[in-house]
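The residues making up each chain are set out below.
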Amino acid sequence: MVKIAPSILSANFATMGEAVKEIARDGADLIHVDVMDGVFVPNLTFGFKMIKDIKPLTNVPLDVHLMITEPERYIDEFIKSGADILTIHYEAVKTDIVSVLKKIRELGAKSAISIKPDTDVSVLKEFLPYVDMILLMSVYPGFGGQKFIEESVERAKQISLMIKESGFDIDFEIDGGITEENVRRVKDAGVNVIVAGSTVFKAKDKKVAISSLRNN
Ligand code: DX5
Ligand code: ZN
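One open sheet holds the eight strands; their spatial order is 1-8-7-6-5-4-3-2, and the pairing between them is parallel. Two strands lie at the open edges of the sheet, namely strand 1 (3-6) and strand 2 (31-36), each paired on one side alone. Each strand axis lies, on average, 25 degrees off the axis of its neighbour in the sheet, ignoring direction. Against the sheet, helix 5 (residues 152-166) contacts strand 5 (110-115), strand 6 (133-137) and strand 7 (171-175), and its axis sits at roughly 165 degrees relative to strand 6.

Once that is clear, we can look at the coordination of the zinc ion (ligand 2). For a metal with four tetrahedral donors the ideal donor-metal-donor angle is 109.5 degrees, while six octahedral donors give ideal angles of 90 or 180 degrees. Within the first shell, the zinc ion (ligand 2) binds the protein through His32 (NE2), Asp34 (OD), His65 (ND1) and Asp175 (OD), at distances of 2.1 to 2.3 Å. Around the zinc ion (ligand 2), the six donor atoms are arranged such that angles at the metal cover 71 to 171 degrees; this shape is classified as octahedral. If you list the donors of the zinc ion (ligand 2) from N- to C-terminus, the spacing comes out as H-x1-D-x30-H-x109-D.

Attention shifts here to unusual backbone geometry. Even without glycine at this site, Glu70 takes up a positive phi of about 50 degrees. Of note, Glu70 is situated in the loop between strand 3 (62-67) and helix 3 (75-81). Classification of Glu70 as partly exposed rests on a relative accessible area of 28%.

With that settled, consider the packing of aromatic side chains. Within this structure, the stated rule accounts for four aromatic pairs. A centroid spacing of 5.2 Å and a plane angle of 70 degrees characterise the contact between Phe48 and Phe78, whose relative ring orientation is edge-to-face. With Phe48 in helix 2 (residues 48-54) and Phe78 in helix 3, this residue pair connects regions lying 30 residues apart in the sequence. Relative accessible area serves as the criterion here: at 28%, Phe48 is assigned to the partly exposed category.

For ligand 1, the set of nearby residues contains 20 residues, the closest of which are Gly142, Gly145, Asp175, Gly197 and Ser198. Taking Gly145, its main chain carries an N or O atom lying 2.8 Å from an oxygen atom of ligand 1. In the environment of ligand 1, an oxygen atom lies 2.8 Å from a nitrogen or oxygen atom belonging to the backbone of Gly197. Calculation on ligand 1 without its partners gives an accessible area of 380 Å², and the protein chains cover 100% of this total. Elements with a contribution of two residues or more to the shell around ligand 1: strand 2, strand 3 and strand 8 (193-196). Take the shell around ligand 1: its biggest share by element is three residues, from strand 2.

Moving on, we get to the environment of Met137. Looking at the element boundaries, Met137 is found in strand 6. Residue class for Met137 comes out buried when judged on its relative accessible area of 3%. Expressed as a C-alpha distance, the spacing of Met137 and Ala156, which sit 19 residues apart in the sequence, is 9.8 Å.

Further remarks concern the environment of Glu173. Inspection of the secondary structure puts Glu173 in strand 7. C-alpha of Glu173 to C-alpha of Leu62: the two residues are 111 residues apart in sequence and 14 Å apart in space. Those residues in contact with Glu173 that lie beyond four places of it in its chain are Ala5, His32, Asp63, Met133, Ile134, Leu135, Leu136, Val191, Val193 and Val195.

This brings us to helix 4 (residues 97-106). Among the residues of helix 4, Ile97, Val98, Val100, Leu101 and Ile104 are the ones counted as buried. What you see down the axis of helix 4 is that its buried residues fit within an arc of 165 degrees, all on one side. Elements in contact with the buried residues of helix 4: helix 3, strand 4 (85-89) and strand 5. After helix 4 finishes, the residue Gly108 shows a positive phi value of roughly 100 degrees.

This next bit is on the nonpolar core. The biggest cluster of nonpolar side chains holds 63 residues, and the ones touching the most others in it are Ile8, Val64, Leu86, Ile88, Ile134 and Ile159. Not counting the four nearest positions on each side in its chain, Val64 is found in contact with Val33, Val35, Ile51, Phe78, Ala83, Ile85, Leu86 and Thr87. Counting seven residues, the second-largest nonpolar core is a separate cluster that includes Leu30, Ala112, Val193 and Val195.

Looking now at the pattern of salt bridges. For the structure on display, the rule yields twelve salt bridges. Between Asp29 and Arg214 there is a salt bridge, with its nearest N and O atoms 2.6 Å apart. Note that Asp29 is positioned in the loop between helix 1 (16-25) and strand 2 and Arg214 in helix 8 (residues 206-215), a separation of 185 residues in sequence. According to the relative accessible area criterion, Asp29 is partly exposed, its value standing at 23%. Ionic pairing is found between Arg184 and Asp188, a salt bridge with its closest N-O pair at 2.7 Å. One end of the pair is Arg184 and the other is Asp188, both in helix 6 (residues 183-188) and four residues apart, which spans about a single turn.

Scoring rules and cut-offs
- For every chain, the first residue of the written sequence is number 1, and numbering continues from 1 along that sequence.
- For naming, the first written chain is A and the first written ligand is 1, with later ones following in the order written.
- For this predicted model, a pLDDT threshold of at least 70 governs which residues receive local features, and a threshold of 80 or more governs which side-chain atom pairs are given and counted, while totals over whole chains, interfaces and linings are taken from all residues.
- Hydrogen atoms and water are omitted, and side-chain values are computed over all heavy atoms in the structure.
- Between any two strands, at least two bridges found by DSSP are needed for them to pair.
- Starting at the N terminus, helices and strands are each numbered in turn, a helix being any DSSP run of H or I of at least four residues and a strand any DSSP run of E of at least two.
- Where helices are involved, their axes are fitted lines through C-alpha atoms of the stretch in contact, as for all axes, and angles between N-to-C directions lie from 0 to 180°.
- The contact definition used throughout considers only heavy atoms, calling two residues in contact when any of these lie within 4.5 Å.
- Only N, O and S atoms count as donors, using a 2.8 Å limit from the metal and a wider 3.2 Å limit for Na, K and Ca, and since water is excluded some coordination spheres may look unfilled.
- Any coordination sphere not matching a tetrahedral pattern (four donors, all angles between 85 and 135 degrees) or a square planar or octahedral pattern (four or six donors, opposite donors over 155 degrees apart, other angles between 65 and 115) is reported as irregular.
- Summary of the burial criterion: residues with accessible area below 20% of their type's maximum are buried, those above 50% are exposed, and those between are partly exposed, where the area comes from a 1.4 Å probe applied to protein chains only.
- Only centres within 6.5 Å qualify two rings of Phe, Tyr or Trp (six-membered ring in Trp) as a pair; their planes then separate them into stacked at under 30 degrees, edge-to-face at over 60, and tilted for everything else.
- Proximity criterion: a residue is near a molecule or strand once any of its heavy atoms comes within 4 Å of it.
- Here a polar contact means two N or O atoms within 3.5 Å. Within protein one must be a hydrogen donor candidate and the other an acceptor candidate, and residues neighboring in sequence count only if both atoms are side-chain atoms.
- What sets the accessible areas is the Shrake-Rupley method with a 1.4 Å probe; for residues, cover comes only from the shown protein chains.
- Of all possible arcs, the one meant is that of the directions from the helix axis to the C-beta atoms.
- Remark: nonpolar core denotes a set of buried residues (Ala, Val, Leu, Ile, Met, Phe, Trp, Tyr, Cys) joined through side-chain atoms within 4.5 Å.
- The term salt bridge refers to a side-chain nitrogen of Lys or Arg lying within 4 Å of a carboxyl oxygen of Asp or Glu.

Don't take any of this as a statement about function, it's just geometry.
Structural data, given as structure tokens:
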């Protein structure tokens, strides 16, 4: 089953609550929440206070993407605040990644790991037993509205094969530059969770954008 995860990075932060309720009403399967610290990526967004504040507004699960250095410092706080899926970056953890992933699950959230466009896909292999989802970045993390990196399709195929061969039940999410035009190709490459920021938030009708991402 394909899931659509609109990214609230592209929403107006001054009316975030309304944006969350709107995309939930318009058929979002997950709400993608981009946390940036200005260190791991050259941009800043918000932290657990935002997650805590939007949590009561919707039953749609919060898919929290941590683009912060040493995410292991804040795992408890993000899960306590309401993260349902918590994604850490392979490149950001300074301690033992497996322990961080195990901790996420122990605290009751789904665990996920992400790699940037220039990290070799093979690094993911050892984490497959410990993750509920893999997130492949198809742009350099930091900003919405960037152009999809074409090589991501090939990388997605490799990851999807790796997941299939492992026998584990792992969701596969792609993030960055997804449009109604390229979504079919990433689905064909094995992706089942689609993040979309500008495609949803710039659309005249968000409901139509979400359903075309689902059906294209
Ligand atoms: C980028 C973020 C993405 C971003 C995607 O670093 O991780 O989630 O919101 O935005 P679009 O879909 O516009 O590329
Ligand atoms: Zn993201």
